[in-house]
Amino acid sequence: MKLTKEFTSLEKSAVKLTVTVAKKDVQDAYNTTIAKYVKNAQIPGFRKGHVPANVLERKYGDSIKADAISEIIDASLNEVFEKETENRPLPYQQPVMDKMPELDISKDLTYTVTYDVFPKVTVSDLSGITVKEPQVEISDKDIENELKALQERNAIVVDKKVEEPAAKGDIVTVDYEEENGEKRNGYVFTLGNDEDTYGIEKEVTGMKKGESKDFEKDSKKIKVSVKAIKVRDLPKLDDDFAQDVSEKFKTLDDLKKDIIRNMEVAKNRRISEVKSQSLLEQLVEKNKFDIPSSMLAAELDGRWRMMAQQFQTSVEQLEKMITSAGQTKEAMLKEWTGDSEKMLKSRIIVDSLIRSRNISVTPEEIEEQYKKIAEDGGISVEEVKKHYEDPRSKEYLIDDTKEQKLYNELYKEIKVSKGDKVTFADLFANK
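We now turn to the structure provided with this report.

1. Digging into the pattern of salt bridges
Then, number 1: The final tally for this structure, using the stated rule, is 23 salt bridges.
Then, number 2: A salt bridge links D159 to K230, with the nearest nitrogen and oxygen atoms 2.6 Å apart. Of this pair, D159 sits in strand β6 (residues 156-159) while K230 sits in strand β10 (residues 220-233); the two residues are 71 residues apart in sequence, bridging distant segments of the chain.
Then, number 3: With a relative accessible area of 52%, D159 lands in the exposed category.
Then, number 4: Several salt bridges share partner residues, and in doing so they unite K248, D258 and R261 into one network.

2. Observations regarding helix α9 (residues 329-356)
Then, number 1: For α9, built from 28 residues, the straight-helix expectation of 40 Å at 1.5 Å per residue is met to within 8% by its first-to-last C-alpha distance of 39 Å.
Then, number 2: Of the residues one or two after α9, N358 is the one with positive phi, at around 55°.

3. So, the nonpolar core
Then, number 1: Ranked by internal contacts, the top residues of the largest apolar core, which has 36 residues, are L279, L283 and W304.
Then, number 2: Put simply, the parts of the chain that give this core at least two residues each are α6 (252-286), α7 (293-310), α8 (315-324), α9 and α12 (391-413).
Then, number 3: When residues in this core are grouped by element, the largest group, nine residues, is from α9.
Then, number 4: Within the second largest apolar cluster, 29 residues are counted, among which are V15, V55, I73 and L109.

4. What to know about the layout of surface pockets
Then, number 1: Taken as a whole, the largest pocket encloses approximately 2000 Å³ of empty space.
Then, number 2: Those elements that place two or more of their residues in the lining of the largest pocket are α6, α7, α9, α10 (363-377) and α12.
Then, number 3: Top element by residues in the lining of the largest pocket is α12. It accounts for twelve residues.

5. Quick look at the sheet that holds strand β4 (residues 109-116)
Then, number 1: Strand order in the open sheet formed by four strands is β1-β2-β4-β3, and the pairing between neighbours is antiparallel. The strands lining the two open edges of the sheet, one partner per strand, are β1 (3-10) and β3 (96-97).
Then, number 2: Bridge count between β1 and strand β2 (residues 14-21): eight bridges; the pairing is antiparallel. Each residue of the ladder has a partner; that of S9, found in β2, is V15.

6. Details of the pairing of β2
Then, number 1: With respect to burial, β2 is a largely interior element, six of its eight residues being buried.
Then, number 2: Remark: three residues form the turn of the hairpin made by β1 and β2, two consecutive strands paired antiparallel; K12 in that turn has positive phi of roughly 55°.
Then, number 3: Here β2 runs beside β4; their pairing, made up of eight bridges, is antiparallel. Across the sheet, the residue bridging to K16 is T114, located in β4.

Calculation rules
Residues numbered from 1 in each chain as written. Predicted model: local features only at pLDDT ≥ 70, side-chain atom pairs only at ≥ 80, totals over all residues. Heavy atoms only, no water. Salt bridge = Lys/Arg side-chain N within 4 Å of Asp/Glu carboxyl O. Helix = DSSP H or I, 4+ residues; strand = E, 2+ residues; numbered from the N terminus. Buried < 20%, exposed > 50% of the residue type's maximum accessible area, 1.4 Å probe, protein only. Expected span 1.5 Å × (residues − 1). Core = buried A, V, L, I, M, F, W, Y, C linked by side-chain atoms within 4.5 Å. 1 Å grid on protein atoms, 1.4 Å probe; cavity = no way out; pocket = protein on both sides within 12 Å on 5 of 7 lines; lining within 4 Å. Points joined across faces, edges and corners; volume = space filled by probe spheres on them. Pairing = 2+ DSSP bridges.

In structure tokens:
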């Protein structure tokens, strides 16, 4: 097909593509479409496949032209994008036609479409970037807190005495009902753990099993009935507890040593995250560019669907739950927009730097990663390799290794200094 193309850059990483298809190709496409109609048309008075073209044009002229235009546009766009590398459309949204062109087989056919493209960003200026590395020591108190958390995870859940009211830390099961609205039986949450989707924790606290309560919240009449109250029975911290946690531990001291090792791994991993986040935030600030609207919309939709999965519900049911709590989906998506844009920009910058610096990894480097993961996790290299047998998981590991190589390169080119002393808990507080 003989055609010309012209790209015009628009805001938010969008482009307008103008395509002109030569008159001869327009005529050929029209004749091909007419031939299809002739072959398949069934009109009284004519044998199938023998209806004159002029008869079909009089009867189906608009449809023939519409089909011909569609064929021309599809074929020409496929040809353009097959050869195009820089201005390929993103997969989140189909190109939008500004105006459907009119077919005139005596002229060239010109049409325009707009669509989003991958943002173009070139990172070259690293001047003025400083990354501070937090200084963290693991204290005895930190170890005690980890042991306490392990206790709670290994606690036995038992029914609370019937005469005892629900209190902070208790696991309650309630039936929830709004007058002429939302209804949910068997809703389970822990008091004081920010798990309460409906915002009824204050009203449920102090209630006993079998009790019901009517109250008004956000101009809605609500009824809750407590069906069960359970508490966690914490085990004693001794050698038996350590052996119950894992057969690899013989004593409580063995367990503590493993906790310290895991905390060191977590600390180093978090410090690495803090450094890379600081680096990327500064790179995003120094390299201004827009995120395509369709890319941002897809990211926000993905976050919404992930939230539904976390609540083990559908996206439709999640929206009803959010509305019952006095919020709206639109408000939440708007609240997420800023962070989502920053995250997408960080991804794009990392991808751009990896490509511009030709960063790759060798099989030997992946083997080293297997060993490090095994050492950090306290497992065998064979177990690690088994986990990464899946091609997608292996690809993720390769991408992550490339990214770490990039950061190591960049840290040599910018200033990295000692940051403030922080506790182990504060290191993870704002994660």
